[in-house]
Amino acid sequence: MPAIVLIGAQWGDEGKGKATDLLSGSVDYVVKFNGGNNAGHTVVIDGETYALHLLPSGILSSGVVPVIGNGVVIDLGVLFEEIDALEARGVDTSALIVSANAHILPPYNRTLDKVVERFLGSRRIGTTGRGVGPTYADKMSRVGLRIQDLFDEKILRQKVEGALVQKNQLLVKVFNRRAVTVDEIVDELLSYAERLRPMVRDTSLLLCQALDDGRNVVLEGGQATLLDVDHGTYPFVTSSNPTAGGACTGAGIPPARIDGVITVMKAYTTRVGEGPFPTELTGADGVRLRKDGGEFGVTTGRPRRCGWLDAVIGRYAVRINGTTDFVLTKLDVLSGWDSIPVCVAYDVDGVRHDEMPMTQTEFHHAKPIYEYFEGWDGDISGARRLADLPAAARRYVDAVEEMCGAPISAVGVGPGRESIIPVRDLIR
Ligand code: GDP
Ligand code: IMO
Ligand code: MG
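The structure displayed is predicted, hence computed values, not measured ones. (Residues numbered from 1 in each chain as written. Chains lettered and ligands numbered in written order. Predicted model: local features only at pLDDT ≥ 70, side-chain atom pairs only at ≥ 80, totals over all residues. Heavy atoms only, no water.)

A. The site of ligand 1, seen in detail. The environment of ligand 1 is formed by 19 residues, the closest being Lys16, Gly40, His41, Thr42 and Asp332. Histidine 41 is positioned such that a nitrogen or oxygen atom in its side chain is 2.7 Å from an oxygen atom of ligand 1. Glycine 412 has a polar backbone atom sitting 3.3 Å from an oxygen atom of ligand 1. Protein contacts shield 92% of the accessible area of ligand 1, which totals 580 Å² for the unbound molecule. Mapped onto the shell around ligand 1, the elements with two or more residues apiece are helix H1 (16-23) and strand E3 (41-45). With 3 residues, H1 is the largest single contributor of residues to the shell around ligand 1. Here the shell around ligand 1 is composed, by residue class, of 4 nonpolar, 8 polar and 7 charged. (Near = heavy atom within 4 Å. Polar contact = N/O pair within 3.5 Å; in protein donor to acceptor, adjacent residues only side chain to side chain. Areas by Shrake-Rupley, 256 points an atom, 1.4 Å probe, with all protein chains shown as cover. Helix = DSSP H or I, 4+ residues; strand = E, 2+ residues; numbered from the N terminus. Nonpolar A, V, L, I, M, F, W, Y, C, P; charged D, E, K, R; others polar.)

This is the structure in structure tokens:
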């Protein structure tokens, strides 16, 4: 009866979508527990590429029940666009279940996300501009709208009225935008209600009963450890908890029921948006990694910042999440370098730090201390056993496991579903 958490180790885009897809053959439920359509997960099946934002990656596998948990913020227009686009490609989305407690991402929060970023200027976060941050802020301020409110028009209207008292002041007086009316918001949201109604459930109850019945449940995080609002590189983070603890609150499953924590880690590091990144390569080497790895955002198309693997971050991800297994992705992208640096510690103003520094200022000052590993040549995308890899690539994998402190249970060697080296069973 395992409940397995699957999350990102770094700043997102580690290949979580592909890793979830890898498990789907032995899984009954895949639950998205945080974030919204700021996420972008690519899954490549038989040469067909699917980009998922709000929908859990498990939606691509027949027999898997995809669930959007209470911790997610839902832009309803985007949800139905995504459903329709998948249906048009022949994907059956009819099993989708949505939590009654998930929050609705209303249109005014998309506007606010963008204008707030513009006003922040050089202090901007580099958000995806989808309205995710303002919607989580509303949730915490208790002026949010929930999916269940769609089914009680009186309550919905009251809540929208309450929210707009503040929002319209902000939009008009601070940001010089037009005010929105209660009617336009209520009408837009209600236009989705009937189509949504059959999907809506008490998902905590559903998932706990599924676990009682011996079903396998994967809790899939959007974003990643260093984008966590508590444990990431605040304020350059997202507004939810993509770490393992967030899986429990975002899905309504108690901590003692979690049997494993799969942490997906790229064989190098990328980051989209602003914020510190000690191993970032700003010159030609960064351009080469971006080109070799196809590092452009799935959601916004922005070029991802690229750099070497950071084992301090790997160890931190293990500590914060209780990693039981790593899935190391994109090893194939590192082919062709003479030598591959890995950051093993930081030099912060002359002091060595083996663990993540305590303060933001220290992390901004962190200079990587590198250990250098021998590179390898050639296309490794056909490898299906560790023994198929060049000896230097095997040594790299072994060293990463040793430095980060949790077993590497699968190694990705290409984007396709089949391009994987399984090392040990991920669901035990
Ligand atoms: P996610 O947000 O964590 O699901 O990751 P993204 O989908 O945003 O970014 C990962 C990218 O790497 C996608 O384009 C995947 O198709 C691709 N990918 C995943 N695993 C591998 C791998 O092992 N090798 C290569 N070359 N590409 C991979
Ligand atoms: P997946 O699930 C990479 C980043 C944004 C920005 C910060 C805050 O595909 O790994 P937000 O719109 O969430 O308020 O933006 O977080 N960010 C991501 N970076 N992958 C993601 O998702 C991200 N989701 C948000 O670039 O720096
Ligand atoms: Mg992504």
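B. Molecular detail of the coordination of the magnesium ion (ligand 3). Within the protein, the magnesium ion (ligand 3) binds to Asp13 (OD) and Gly40 (O); these donor distances fall in the range 2.0 to 2.1 Å. Remark: glycine 40 occurs in the loop between strand E2 (29-32) and E3 and aspartate 13 occurs in the loop between strand E1 (3-8) and H1; sequence separation between them is 27 residues. (Donors = N, O, S within 2.8 Å, 3.2 Å for Na, K, Ca; no water.)

C. Structural context of the sheet that holds strand E16 (residues 325-329). The 10 strands lie next to each other as E10-E7-E5-E2-E11-E1-E12-E16-E20-E21, forming an open sheet whose pairing is mixed. Every interior strand has two partners, whereas the edge strands, strand E10 (200-201) and strand E21 (420-422), have only one. The pairing of strand E12 (residues 258-266) with E16 spans 5 bridges and is parallel. In the strand pairing of E16, threonine 263 is matched with phenylalanine 326. Relative to E1, H1 is tilted by about 155°, and along the sheet it contacts E1, E2, strand E11 (217-220), E12, E16, strand E20 (408-412) and E21. (Pairing = 2+ DSSP bridges. Contact = heavy atoms within 4.5 Å. Axes fitted to C-alpha atoms, helices over the stretch in contact; angles between N-to-C directions.)

D. Structural view of the pattern of salt bridges. For the structure shown, the criterion picks out 24 salt bridges. Here arginine 124 ties to glutamate 274 by a salt bridge, and the two come within 3.5 Å at their closest N and O atoms. Here arginine 124, found in the loop between helix H3 (107-120) and helix H4 (132-141), pairs with glutamate 274, found in the loop between strand E13 (269-271) and helix H10 (284-293); they are 150 residues apart in sequence, far enough to count as distant. Classification of arginine 124 as partly exposed rests on a relative accessible area of 37%. Residue arginine 157 is joined to glutamate 153 by a salt bridge in which the shortest nitrogen-to-oxygen separation is 3.9 Å. Note that arginine 157 and glutamate 153 are positioned in helix H5 (residues 153-174) at a spacing of 4 residues, about one turn of the helix. With relative accessibility at 25%, the residue arginine 157 sits in the partly exposed group. For glutamate 153, a relative accessible area of 43% gives the class partly exposed. (Salt bridge = Lys/Arg side-chain N within 4 Å of Asp/Glu carboxyl O. Buried < 20%, exposed > 50% of the residue type's maximum accessible area, 1.4 Å probe, protein only.)

Everything listed is a geometric property; what it means functionally is a separate question.
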